[in-house]
Amino acid sequence: ADCRYTCHQECRSLIQLDCRRPGQCQSQLSPESTLLPPCSQNVTQTVEEEKPKPPTIQEIKQRIEKYNAKVRNCLLMKLNDDGTYTGFIKVHLKLCRPVTVPAGIRPQSIYDALKEVNLANMTDKRTSFYLPLDAIKQLHISSTTTVSEVIQGLLKKFMVVDNPQKFALFKEMRKDGQVLFQKLPLTEYPLYLQLLAGPDTDVLSFVLKENETGEVEWDAFSIPELQNFLMILDKEEKDKIQQVQRKYERFKQRLQQTLKEARGKPG
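A short tour of the structure in this document, coming up. (Residues numbered from 1 in each chain as written. Predicted model: local features only at pLDDT ≥ 70, side-chain atom pairs only at ≥ 80, totals over all residues. Heavy atoms only, no water.)

## Things to note about the overall build of the protein
Secondary structure assignment for the protein yields 8 helices and 8 strands. Contacts in the protein between residues far apart in sequence, at least 24 positions, make up 69% of those at least 6 positions apart. Counting only carbon and sulfur atoms, one obtains 53% of the accessible surface of the protein, whose full area is about 19,800 Å². (Helix = DSSP H or I, 4+ residues; strand = E, 2+ residues; numbered from the N terminus. Contact = heavy atoms within 4.5 Å. Areas by Shrake-Rupley, 256 points an atom, 1.4 Å probe, with all protein chains shown as cover.)

## Considerations on a positive patch on the surface
A surface patch of positive charge is lined by K240, R246, K247, R250 and R254. Mapped onto the secondary structure, K240 falls in helix α8 (residues 223–263). Residue class for K240 comes out exposed when judged on its relative accessible area of 51%. (Patch = residues over 30% accessible without salt bridge, like charges linked within 9 Å, V, L, I, M, F, W, Y side chains within 5 Å. Salt bridge = Lys/Arg side-chain N within 4 Å of Asp/Glu carboxyl O. Lys, Arg positive; Asp, Glu negative; His and termini not counted. Charge placed at Lys NZ, Arg CZ, Asp CG, Glu CD. Buried < 20%, exposed > 50% of the residue type's maximum accessible area, 1.4 Å probe, protein only.)

## Describing the nonpolar core
One finds I89, V91, F167, L169, F206 and L208 to be the most contacted residues of the largest nonpolar core, which totals 30 residues. Listed by contribution, the elements that provide at least two residues to this core are α4 (57–70), β2 (85–93), β3 (99–102), β5 (135–142), α6 (147–157), β6 (167–175), α7 (190–197) and β8 (205–210). Broken down by element, this core gets its largest block of residues, 5 residues, from α6. When sequence neighbours within four positions are dropped, the list of residues in contact with F167 reads L95, V99, I151, L155, V160, D162, L208, K209, E210 and N211. (Core = buried A, V, L, I, M, F, W, Y, C linked by side-chain atoms within 4.5 Å.)

## Describing the side chain of E172
Tracing the backbone through its elements, the reader meets E172 in strand β6. For E172, the side chain forms a polar contact with the side chain of R174, separated by 3.3 Å. Among residues more than four places away in sequence, those in contact with E172 are K94, V179, L180, F181, V203, L204, S205 and V207. (Polar contact = N/O pair within 3.5 Å; in protein donor to acceptor, adjacent residues only side chain to side chain.)

## Brief notes about the pairing of β8
Burial runs high along β8: 5 of the 6 residues are buried. Of the strand pairs in this sheet, β2 and β8 are connected by 3 bridges, and their pairing is parallel. Each residue of the ladder has a partner; that of H92, found in β8, is V207. Bridging between β6 and β8 involves 6 bridges; their strand directions are antiparallel. From the neighbouring strand, A168 faces β8, where its bridge partner is K209. (Pairing = 2+ DSSP bridges.)

## Examining the side chain of S143
Looking at where S143 falls in the secondary structure, it is placed in the loop between β5 and α6. A relative accessible area of 12% means that S143 is categorised as buried. Each residue touching S143, except ones within four places of it in the same chain, is listed here: T84, Y85, Y189 and L191.

## Digging into a nonpolar patch on the surface
Together, V244, Y248, F251, L255 and L259 make up a nonpolar patch on the protein surface, roughly 480 Å² of accessible area in all. The residue L255 is located in helix α8 in this model.

## Considerations on the packing of aromatic side chains
Scanning all chains against the criterion turns up 0 aromatic pairs. Over the aromatic face of F158 sits the side chain of K137, whose NZ or CZ is 6.0 Å from the ring centroid. The aromatic ring of F181 is capped on one face by K209, whose charged end is 4.5 Å from the ring centroid. (Phe/Tyr/Trp six-rings, centres within 6.5 Å; stacked < 30°, edge-to-face > 60°. Lys NZ or Arg CZ within 6 Å of the ring centre and 35° of its normal.)

This is the structure:
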């Protein structure tokens, strides 16, 4: 109102002006000097032009050859005639919460895998347990395989019946001695990221973790799952209490022993 400062409406919350001296404001600022050009289609066009172009088949072929030259474990990438390619990625499982699996189901056999038999559908009984921390699963996927399909494939291999939306795939990178995690969108292609980074897992690796979106969405869990969580938390609480009790019991014994030895000494 005083200095006639003009800005985009979406930028209004970012603007901070010192208007305690309106007279000075009006003398130093003019509408012409502060007027910003309105948003137009040119901005959108510029962003679209900056998007990287999809690589050609020849570029993909060169990248695959460069990638395979660095491979030391025979897990090579293979280029298909239609321009797609296949290869391997390793996914680390770093799940802090228990998962839900069918109870009383035998392990999946090669026959089941070839016939795509879903053993999880053979029983309604469910149980929860913790997957081994930092277990590693190797997947053979295509360049058209998305993050969403990788998550679903991992859950199927471990017969996990939880909602896939409870999980997220992260890429793990190491830079300057630090480990960095970045959540991948469901439409991203992990094999293409692996191709760009190379086979060295210190440069890039993939991690399956809980889909942390702030507060836990308990509505996404079923009643049996919630009951299993309560049982697990109750057991963990009792174990923690016993650990604390044992710790201070040992401390008490050492303290009593020290006092007993001190009483027998002069002074």
